[in-house]
Amino acid sequence: MSPPLISARHLGKRYAGRAVVQDVSFELAAGETLVLLGPSGCGKTTLLKLLNRLLEPDTGTIEVLGQDVRTLAPEKLRRGMGYVIQQVGLLPHYTVAENVAVVPRLLGHAPAAIAERTHELLNRLHLPPARFAGQYPHQLSGGQQQRVGLARALAADPPIILLDEPFGALDPVTRTAIRRDFRELEELLRKTVVLVTHDVVEAFELADRILLLDAGQVQQLGTPHELLFRPANDFVRRFFAHERLALQLRTLRLADLEPFLPGPAPAALPLTMSVQQALEYLTDSVEGPATADAASPTAPAPAGRAALAGLTLPHLMAAFGRALQHEEAAWKL
Ligand SMILES: Nc1ncnc2c1ncn2[C@@H]1O[C@H](COP(=O)(O)OP(=O)(O)OP(=O)(O)O)[C@@H](O)[C@H]1O
């Protein structure tokens, strides 16, 4: 098996004698997304900053690709780790394109390669360069600034990306839209990502694994499924109680429901799709272009149509209920 990309062991950090990170250990494989989750003040940001040496731990070690980060110059370490913060931190007197190009320039990349990369990233992040490349940060909305911040972190193609509440300052609608783009950004799928949030739904949508902290201590480290259906203690159970349904819908997949459906799931829907995504897909096609399509038989069928043929909303919800019962029964065994 390949060694972990990041290995943190027994990390501890104190401020004025008060422990804010206590004996935290985790390993992260290349390509994994780890979400640091927990209530305000539990030590998430402190832990993130230990990874890129913006802070030094009092105890414990961090290795990146088997190398102790203390043996690397902080600047060199940080060049391999994109960093996005809530306040974005764009340079106000630089254009969007210049902001995105900062790190590749520092690294001495060729100007033509930088221009091409900037163009490509702005396009992928829905910021058409013809309109946005020459604009200044103050001319952009908060959501657009966030996208530029992400483009900047990705520009030099670092293997690791650290994100601290990257969508925190946005309104809920923009936040959901950017989160979707983020999830679908093919480039990020290859990256090893550590993301801080206190938003449990966000954590469940983005994480491969979640590290749930309280008062600097790990309460549980595991997949969203494990934290939701196999909580390690009462804190974990209570932390997810308010959002239970939203989290269950995002955690169970069509594959989990398939044994409880009247027939096989429609081939148009991937079995890895969450119940939430399947619900959105089905309701879109019910309320969406179905009537327009009926009026024009030559128009392409709406994406949901195939699903509707084999899977109805009541079937989906009934199977969801039974899959939940199954999860709970399995836990009590
Ligand atoms: N420079 C500092 N000096 C003293 N105490 C600090 C300092 N930075 C952070 N703390 C304290 O350490 C604890 C953890 O802070 P941290 O910012 O890591 O929490 P967090 O989980 O990221 O919180 P939030 O979600 O509110 O951003 C908090 O109690 C905070 O007040």
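Throughout, a residue's number is its position along its own chain's written sequence, starting from 1. In keeping with the model being predicted, local features are shown solely for residues with a pLDDT of at least 70 and side-chain atom pairs are shown and tallied solely at 80 or more, while totals for entire chains, interfaces and linings include all residues. Heavy atoms throughout the structure, all of them, feed into the side-chain values; hydrogens and water do not.

A. Local environment of the overall build of the protein. We count a stretch as a helix when DSSP gives it H or I for four or more residues in a row; a strand needs E for two or more, and each element gets its number in order from the N terminus. Assigned secondary structure in the protein consists of 18 helices and 10 strands. Here the globule rule reads 2.2 Å times residues to the power 0.38, and the radius of gyration is calculated from C-alpha atoms. Over its C-alpha atoms the protein spans a radius of gyration of 22 Å, differing by no more than 12% from the 20 Å that the globule rule assigns to 333 residues. Expressed along its principal axes, the backbone C-alpha trace of the protein runs to roughly 60 × 55 × 40 Å. Per-residue burial over the protein gives 47% buried out of 333 residues. Across the protein, the fraction of contacts at a sequence separation of at least 24, relative to all contacts at a separation of at least 6, is 66%. Carbon and sulfur atoms form 56% of the exposed surface of the protein, whose accessible area is close to 16200 Å². Residues scored as charged are limited to Lys and Arg (positive) and Asp and Glu (negative), so that His and the chain ends carry no count. A charged residue contributes its charge at one atom only: NZ of Lys, CZ of Arg, CG of Asp or CD of Glu. Across the protein, 33 positive and 35 negative side-chain charges occur, with their mean positions spaced 4 Å apart. Burial classification: accessible surface area is computed with a 1.4 Å probe over protein chains only, and a residue below 20% of its type maximum counts as buried, one above 50% as exposed, and the rest as partly exposed. Throughout, a residue-residue contact means that at least one pair of heavy atoms, one from each residue, lies within 4.5 Å. In this description, accessible areas are obtained by the Shrake-Rupley approach with a 1.4 Å probe, and a residue is regarded as covered only by the protein chains that are shown.

B. Local environment of the site of the ligand. The environment of the ligand is made up of Tyr15, Arg18, Val20, Pro39, Ser40, Gly41, Cys42, Gly43, Lys44, Thr45 and Thr46. Protein chains shield 59% of the accessible area of the ligand, which is 640 Å² for the free molecule. Of all elements in the fold, only strand E2 (18–28) and helix H1 (44–51) reach the threshold of two or more residues within the shell around the ligand. A total of 3 residues in the shell around the ligand trace back to one element, the largest contributor, which is H1. Looking at the shell around the ligand residue by residue, the class counts come to 4 nonpolar, 5 polar and 2 charged. Near is defined per residue: the residue qualifies when any heavy atom it owns lies within 4 Å of the molecule or strand. Residues were grouped as follows: Ala, Val, Leu, Ile, Met, Phe, Trp, Tyr, Cys and Pro as nonpolar; Asp, Glu, Lys and Arg as charged; and all remaining residues, including Gly, as polar.

C. Here's a closer look at the nonpolar core. In terms of nonpolar packing, the biggest core is built from 66 residues, with Phe240 and Leu316 touching the most fellow members. When residues no more than four places from it in sequence are discounted, the contact partners of Phe240 are Leu37, Val200, Phe204, Leu212, Leu227, Leu228 and Leu247. Of all hydrophobic cores here, the second largest spans 29 residues; its members include Phe26, Val194, Val196 and Leu213. Nonpolar core, defined: a set of buried Ala, Val, Leu, Ile, Met, Phe, Trp, Tyr and Cys residues in which side-chain atoms within 4.5 Å join the residues together.

D. Examining unusual backbone geometry more closely. Phi at Ala16 takes a positive value of approximately 45°, unusual for a residue other than glycine. Within the secondary structure, Ala16 sits in the loop between strand E1 (6–15) and E2. The class of Ala16 is exposed, set by a relative accessible area of 89%. Phi at Ala215 takes a positive value of approximately 45°, unusual for a residue other than glycine. Topologically, Ala215 is positioned in the loop between strand E9 (209–214) and strand E10 (217–222). Its relative accessible area of 46% is what places Ala215 among the partly exposed residues.

E. Structural detail: the pattern of salt bridges. Think of a salt bridge as a Lys or Arg side-chain nitrogen and an Asp or Glu carboxyl oxygen that are within 4 Å of each other. One pass over the structure, following the stated rule, counts 10 salt bridges. Where Arg70 meets Asp68, a salt bridge forms, and the shortest distance between an N and an O atom there is 2.9 Å. Ionic pairing is found between Glu120 and Arg124, a salt bridge with its closest N-O pair at 2.3 Å. Of this pair, Glu120 and Arg124 are both found in helix H5 (residues 111–124), 4 residues apart, which corresponds to roughly one turn of the helix. Since its relative accessible area comes to 29%, Glu120 is described here as partly exposed. Assessed through its relative accessible area of 31%, Arg124 is described here as partly exposed. Shared partners join several salt bridges into a network, and the residues in it are Arg117, Glu120 and Arg124.

F. Structural context of the sheet that holds strand E5 (residues 67–68). Pairing within the open sheet is antiparallel, and its 4 strands lie in the order E2-E1-E4-E5. This sheet does not close on itself; its edge strands, each paired only once, are E2 and E5. Here a strand pair is declared whenever DSSP counts at least two bridges between the two strands. Two elements, E1 and E2, share 7 bridges in a ladder whose sense is antiparallel. Bridge assignment links Lys13 to a residue of E2, and that residue is Val21.

G. Local environment of the packing of aromatic side chains. Aromatic rings from Phe, Tyr and Trp, taking only the six-membered ring of Trp, are treated as a pair when their centres fall within 6.5 Å; an angle between ring planes under 30 degrees marks them as stacked, one over 60 as edge-to-face, and anything in between as tilted. Considering all chains together, one arrives at 3 aromatic pairs under this definition. Between Phe239 and Phe240, the aromatic rings sit 5.6 Å apart at their centres with planes inclined by 85°, giving edge-to-face as the arrangement. The structure contains a cluster of three or more aromatic residues connected by ring pairs, namely Phe204, Phe235, Phe239 and Phe240.

H. Highlighting the sheet that holds E9. Strand order across the open sheet formed by 6 strands is E6-E7-E8-E3-E9-E10, with mixed pairing between neighbours. With one partner strand each, in any of the chains shown, strand E6 (81–85) and E10 form the two edges of the open sheet. Strand after strand, the sheet turns through a mean of 15° between neighbouring axes, direction not considered. Sheet topology places E6 next to strand E7 (residues 160–164); 5 bridges connect them, and they run parallel. Opposite Ile85, over in E7, you have Asp164 as the bridge partner. An axis is simply a line fitted to the C-alpha atoms; with a helix, the fit covers only the stretch in contact. Between two such axes, the angle follows the N-to-C directions and lies from 0 to 180 degrees. Along the sheet face, helix H7 (residues 142–154) touches E6 and E7 and points at about 165° away from the line of E6.

I. Spotlight on the packing of H7 against helix H8 (residues 172–184). At a minimum axis separation of 10 Å, H7 and H8 run at an interaxial angle of 25°. Considering their axes alone, H7 and H8 lie roughly parallel with respect to each other. Between H7 and H8 lies a crossing of right-handed hand. Residue-level inspection shows Gly143, Gln146, Arg147 and Leu150 of H7 in contact with H8, the latter providing Thr174, Ile178, Asp181 and Phe182. Looking at side-chain class alone, the contact of H7 with H8 contains 3 nonpolar, 3 polar and 2 charged residues. Any angle from 65 to 115 degrees is called roughly perpendicular, while one under 35 is roughly parallel, one over 145 is roughly antiparallel, and all others are oblique. Handedness of each helix crossing follows the sense of rotation of the near helix against the far helix: counterclockwise by less than a right angle gives left-handed, clockwise gives right-handed.

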